[in-house]
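Understanding the architecture of this molecule
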Amino acid sequence: MDLPVNESFPRAAAGCGAGSCGATAGQIDGLTDAIRARIEDHPCYSEDAHHYFARMHVAVAPACNIQCHYCNRKYDCANESRPGVVSELLTPDQAVRKTLAVAARIPQMSVLGIAGPGDPLANPERTFETFRQLAQKAPDIKLCVSTNGLMLPRHVEELCRYHIDHVTITINCVDPDVGARIHPWIFWQNRRVYGRQAAAILVEQQQLGLEMLSARGILVKVNSVLIPGVNDAHLPEVSRIVKAKGAFLHNVMPLIARPEHGTFYGLMGQRSPRPAELQALQDACSGDMKMMRHCRQCRADAVGLLGEDRGAEFTLDRIEAMDVDYEAAMVVRQEVRTEIAARLAAKRARGPSPAVSRANPQVVHFQPRVTKAAATAGRPVLMAVAARGGVVAVHFGHAREFLIYEASAAGVRLIGHRRVESYCAGDESCGDADSALTRTIEALVDCEVLLCARIGYEPWGRLEAAGIQPNGEHAMEAVEEAVMAVWQQMLAAGKLTVPRSGARRA
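Residues numbered from 1 in each chain as written. Predicted model: local features only at pLDDT ≥ 70, side-chain atom pairs only at ≥ 80, totals over all residues. Heavy atoms only, no water.

**Comments concerning helix α5 (residues 152-161)**
An α-helical segment advances 3.6 residues per turn. Residues three or four places apart therefore align on the same side. When α5 is considered as a whole, its buried residues turn out to be Leu152, Pro153, His155, Val156 and Leu159. Viewed end-on, α5 has its buried residues packed into an arc of 145°, placing them on one side of the element. The exposed set on the far side of α5, more than 90 degrees from its buried face, consists of Arg154 and Arg161. Elements that come into contact with the buried residues of α5 comprise α4 (124-137), β6 (142-147), β7 (166-170) and α7 (195-215). Note on α5: the residue one or two positions beyond its end, His163, has a positive phi of about 55°. (Buried < 20%, exposed > 50% of the residue type's maximum accessible area, 1.4 Å probe, protein only. Helix = DSSP H or I, 4+ residues; strand = E, 2+ residues; numbered from the N terminus. Arc of directions from axis to C-beta. Contact = heavy atoms within 4.5 Å.)

Here it is in structure tokens:
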């Protein structure tokens, strides 16, 4: 069948799925059939899947049992996109109705997660009532939970009871001295505990919970917030330990801290990591550990594909007016799932052969066609891509984020993403275009090329003057193939035999 027309779900071309970004196509091929089946439609656990499958979070867990210096749980903040932010708190019944409505309207929605705005396991009654109902009413949806881990050990059996086989634990340290600089207090055994003692308890419970989940075959993703000067030097040790204890995936995320967020770090001027620092830290942590690089640090009520938020379409008042026949919806959802699976299988079958990195055998790269001489002559290049669904499909003026890829003789790998303001507010009129373009150039200053579907003369000239070469020649091509084609063109033109000249100011 043809998939429903959906702007957020374009038909992707072959060739997306390179680099150590979640589990790539090559990594999936190296897993057991059982593990492969559990991640191939999960947008957080599979880089390929995040181009095709949507997720949603329901905000049923308002309370939290720890304090983090980077967190401020805010409500009714429709214009912020970061963890802990929601527009509507839901009861379990409301959450279930919303989930059914979203899954019926967005049939490629495969995963329901509870991630806040507080901690799901600090609100066990609300969390597990939501899971109980969904396990009965929507058996085709994967159920996930994201937790700080303090109460995890006492709830592992209940997680198993509802077949929740994907759990995310936020682990920022394994050293209580480091933890005391991140988490000032926890609520433990009916009292607040402070400082190093609090951090020691949190670390102990997180590690115990991870071990218990791993022993039961539950896939665990570990989130770590990179905080410059606090845990940056410590995170490689975190990665080593959580891998040894059975974590499936590690997601090192940049600290988001601005004064307007009202967090301790934001008010105290703690800086966020620069993109190069994040990339270096992720590379240092990778080793043979699978790294997630496509995380969008989603809101606690996010809806849609990663990188988009369709929550405004599913407010409580709109849901109440919807007539949802979920039994009929499940038939459509299964047809959609089957078609996506066929596309992914066909893509893997006809795509280029993977090139396995000798330094990191877990990382599978898009295979470039380069000579042996080129392997030593061509330096790596960072490229920003305005993409949707794994293809170069977005007009520069409409882009709200750019995927950042590194191309080299070793292949193409996803480095991460950069959020930006849209340069153009609509097809005809542009808003505060000049300042938006300036900030976009600042966000992409380390990139040499920008690929997009289309771009106007004004931003083209500004980008070029800043040392970022726009390129609209690969519209609707698979991202990795387009990136490698541009790299090879630069190589053939002799542009990659010398270091990049410094970018000029916009």
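On we go from here.
**As for the nonpolar core**
Within soluble globular proteins, side chains that are nonpolar tend to cluster in buried spots. By size, the foremost hydrophobic cluster in this structure holds 80 residues, and its most contacted members are Leu112, Phe131, Ile186 and Leu213. Looking at which element gives the most residues to this core, the answer is α7, with seven residues. (Core = buried A, V, L, I, M, F, W, Y, C linked by side-chain atoms within 4.5 Å.)

**With respect to the side chain of Asn471**
Counting through the fold element by element, Asn471 comes out in strand β21 (residues 469-471). With a relative accessible area of 10%, Asn471 lands in the buried category. Not counting chain neighbours up to four residues away, the residues in contact with Asn471 comprise Val449, Leu450, Leu451, Cys452 and Val486.

**What about a nonpolar patch on the surface?**
A cluster of nonpolar residues, Phe264, Leu267 and Met268, forms a patch on the protein surface that exposes about 350 Å² of accessible area. Within the secondary structure, Phe264 is located in helix α9 (residues 264-268). (Patch = residues over 30% accessible without salt bridge, like charges linked within 9 Å, V, L, I, M, F, W, Y side chains within 5 Å. Areas by Shrake-Rupley, 256 points an atom, 1.4 Å probe, with all protein chains shown as cover. Salt bridge = Lys/Arg side-chain N within 4 Å of Asp/Glu carboxyl O.)

**Some thoughts on unusual backbone geometry**
The peptide bond linking Gly116 to Pro117 adopts the cis configuration, its omega dihedral lying at 15°. Looking at where Pro117 falls in the secondary structure, it is placed in the loop between β5 (109-114) and α4. With a phi close to 55°, His163 is a non-glycine residue in the positive phi region. Of note, His163 is situated in the loop between α5 and β7. At Met476, a position not held by glycine, the phi torsion is positive, near 70°.

**Re the pairing of β6**
Among the six residues of β6, six are classified as buried, and the element is accordingly described as predominantly covered. The two faces of β6 match: Lys142, Cys144 and Ser146 on one face and Leu143, Val145 and Thr147 on the other face are all buried. Here four bridges tie β5 to β6, and the two strands are oriented parallel to one another. In the sheet register, Gly113 faces β6, and the bridge partner there is Cys144. What joins β5 to β6 is α4, and the crossover it makes is right-handed. The pairing of β6 with β7 spans four bridges and is classified as parallel. Within β7, the position partnered with Thr147 by the bridge is Ile169. On the question of chirality, the crossover connecting β6 to the parallel β7 by way of α5 is right-handed. (Pairing = 2+ DSSP bridges. Right-handed = clockwise from strand over helix to strand, strands pointing away.)

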